Amino acid sequence: MKIAILGGDGFVGWPTTLHLSAQGHEVHVVDNLSRRWIDTELGVQSLTPMDSIQERCRIWRETSGRTIHFHLLDLAEEYERLKAWLAQERPDAIVHLAEQRAAPYSMKTDRHKVYTVRNNTNGTHNLLAAMVETGIDAHLVHLGTMGVYGYSSVGAPIPEGYLDVSIETPTGPKEQEILYPTRPGSVYHMTKSLDQILFQFYAQNDGLRITDLHQGIVWGTHTTETRLHEQLVNRFDYDGDYGTVLNRFLIQAAIGYPLTVHGTGGQTRAFIHIQDSVRCIELALGDAPKAGDRVRIFNQMTETHRVRDLAEMVAKLTEAHVAYLPNPRKEAAENELVVKNEQFLELGLEPTTLAEGLLEEVVEVARRFAHRIDRSRVPAVSAWTRELGAKVDRDPEGKALRSAS
Ligand code: USQ
């Protein structure tokens, strides 16, 4: 297949690009390199030293003999170029990962909220409109988030995207299937909820074939292909905006920094290893819906964990100290979470669950590159409201924080 990977330079995008190329697909990365610019804006860098995308592609060609094509294009801001590119290249499938993906970054300031909505919502809509206009029949696979469901405990397992409801009508109750009601917890998660509505409309109106992957928190760093050469290494975020919880705990343990649990750590979340994330995208590509089908939704996660249990587990493994900190986010202090994920299991996913070996691998990567870590960038300072920001004034080592968002 000829596959366009929008956002193919990012944390999930790069290993996905390598994996699909290794499978023999003709892979085109389309990326505006915004994630690299955000590193510059925030004054942080990936824990692992990353080469330019062009250099990464060159190393892959030397290592595997396969070509990855790179196109510098901004999905959200360059509509006419996007349309011309699609009309010319006519991919069989499009993997859409080209969105600003950090909740704390999206809540930093009003400017970051505006940027996240413009980038993510325009990008998705531009893509859908251009697909219709150019008449290409590509299967669109989008990376969404488990966070669209919200984390209020209703006591029932979270279904894969749709909910059967019974509505009272004058002639008696009528059954209907609706998109699971969204309850996003950040501006970032809100943009993924908006994406769902855009997909529903374009599948119904224009017969676009769309799969939406509701992914949990990714952990780990290496995949089979990124291990092949040190310059194929994936990016690894540790900072308070882009670092995600389990990876952050692992690098904190590696550098002797207290594990930064927000609040009581009673938040339960869904997790998936990066290797499975890449495999799920491959499985979804192989199982496309037909024109006229409703949007296909998968829950892309393999297990759920409570934040404090993860912290305790990492502490036991590494003798790290756990710090319970004021939570900069507006979120339920404690929640239960049961998630259905049968569809990927039926397609053949064999989950990589939390195992000591894989956790230690991350700690080892962190120790190797510990000299690249700026300790002052470890605490999370982006607060969801001004009131919460006022409480986040000290880092776990007792130093005053420069600014809370
Ligand atoms: N948390 C801590 N300490 C930390 C960092 C986070 O206790 O040092 C807590 C947060 O308060 C939150 C939970 O851990 O309750 C998860 O935070 P996170 O930063 O790991 O994940 P999140 O902000 O939800 O976003 C990440 C990805 C996003 C993806 C999402 C999947 O950045 O792109 O969509 O995970 S999900 O969480 O299932 O919505």
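Now for a look at the structure at hand.

Regarding helix α12 (residues 356-368)
1) Next: Taking 1.5 Å of rise per residue, 13 residues should cover 18 Å, and α12 covers 18 Å from first to last C-alpha, within 8% of that figure.
2) Next: Turning to α12, its buried residues number three or more, namely Leu 359, Val 362, Val 363, Val 365 and Ala 366. Buried residues of α12, viewed axially, fall in a sector of 155°; they line one side. In α12, the exposed positions that point more than 90 degrees away from the buried face belong to Glu 356, Gly 357, Glu 364 and Arg 368.
3) Next: Summarising the contacts, the buried residues of α12 are in contact with α8 (245-254) and α10 (307-318).

So, the site of the ligand
1) Next: The environment of the ligand is formed by 24 residues, the closest being Thr 145, Met 146, Gly 147, Val 245 and His 262.
2) Next: Those elements that provide at least two residues to the shell around the ligand are α8, β10 (259-262) and β11 (268-273).
3) Next: Here the shell around the ligand takes three residues from β10, the largest share from any one element.
4) Next: Grouping the constituent residues of the shell around the ligand by class yields nine nonpolar, 10 polar and five charged.

Considerations on the sheet that holds strand β9 (residues 217-219)
Sheets are built from strands that pair by backbone hydrogen bonding, the pairs being arranged parallel or antiparallel.
1) Next: If you trace the three strands from one edge of the open sheet to the other, you get β9-β11-β13, paired in mixed fashion. Lying at the two open borders of the sheet, with one neighbouring strand each, are β9 and β13 (303-306). Across the sheet, the mean angle from the axis of one strand to that of its neighbour is 45°, orientation sign disregarded.
2) Next: Bridge analysis of β11 against β13 gives four bridges, and the strand direction is antiparallel. Bridge pairing in β13 links Arg 269 to His 305.

Regarding the pairing of strand β7 (residues 172-179)
1) Next: Among the eight residues in β7, zero count as buried, and that is only a small part of the element.
2) Next: Between the antiparallel neighbours strand β6 (residues 162-169) and β7 lie two residues.

Concerning the environment of Val 27
1) Next: Here Val 27 lies in strand β2 (residues 26-31).
2) Next: Separated by 22 residues in sequence, Val 27 and Ile 5 have C-alpha atoms that sit 7.1 Å apart.
3) Next: Beyond its immediate stretch of four places on either side in the chain, Val 27 contacts Ile 3, Ile 5, Thr 17, Leu 20, Ser 21 and Ile 68.

Section: the sheet that holds strand β8 (residues 209-215)
1) Next: The seven strands lie next to each other as β3-β2-β1-β4-β5-β8-β12, forming an open sheet whose pairing is parallel. In this open sheet, the two strands that pair with only one neighbour each are β3 (68-72) and β12 (296-300). Direction aside, the axes of adjacent strands within the sheet are offset by 20° on average.

Some points on helix α9 (residues 274-285)
Helical geometry note: an α-helix holds 3.6 residues per turn, so side chains three or four residues apart project in the same direction.
1) Next: Relative to the 16 Å expected for 12 residues at 1.5 Å per residue, α9 spans 17 Å between its end C-alpha atoms, a close match to the ideal helical length.
2) Next: In terms of residue burial, α9 counts as a mostly covered element, since 10 of its 12 residues are buried.
3) Next: The set of residues buried in α9 consists of Ile 274, Gln 275, Asp 276, Ser 277, Val 278, Arg 279, Cys 280, Ile 281, Ala 284 and Leu 285.

Considering the packing of α8 against α10
Angle between the axes and distance between the axes are the two parameters that describe a pair of packed helices.
1) Next: For the pair α8 and α10, the least separation of the axes is 10 Å and the interaxial angle reads 25°. When the interaxial angle is binned, α8 and α10 end up roughly parallel. Judged by the sense of rotation from one axis to the other, the crossing of α8 with α10 is right-handed. Along its contact with α8, which presents Val 245, Leu 246, Phe 249, Leu 250 and Ala 253, the element α10 presents Val 307, Leu 310, Ala 311, Val 314 and Thr 318.
2) Next: Split into classes, the residues belonging to the contact of α8 with α10 amount to nine nonpolar, one polar and no charged.

Here is what the cut-offs are and how they apply
Residues numbered from 1 in each chain as written. Predicted model: local features only at pLDDT ≥ 70, side-chain atom pairs only at ≥ 80, totals over all residues. Helix = DSSP H or I, 4+ residues; strand = E, 2+ residues; numbered from the N terminus. Expected span 1.5 Å × (residues − 1). Buried ≥ 20, exposed ≤ 12 C-beta atoms within 10 Å, placed from the backbone. Arc of directions from axis to C-beta. Contact = placed C-beta atoms within 7 Å. Near = placed C-beta within 6 Å. Nonpolar A, V, L, I, M, F, W, Y, C, P; charged D, E, K, R; others polar. Pairing = 2+ DSSP bridges. Axes fitted to C-alpha atoms, helices over the stretch in contact; angles between N-to-C directions. Parallel < 35°, antiparallel > 145°, perpendicular 65-115°, else oblique. Left-handed = near helix turned anticlockwise from the far one by under 90°.

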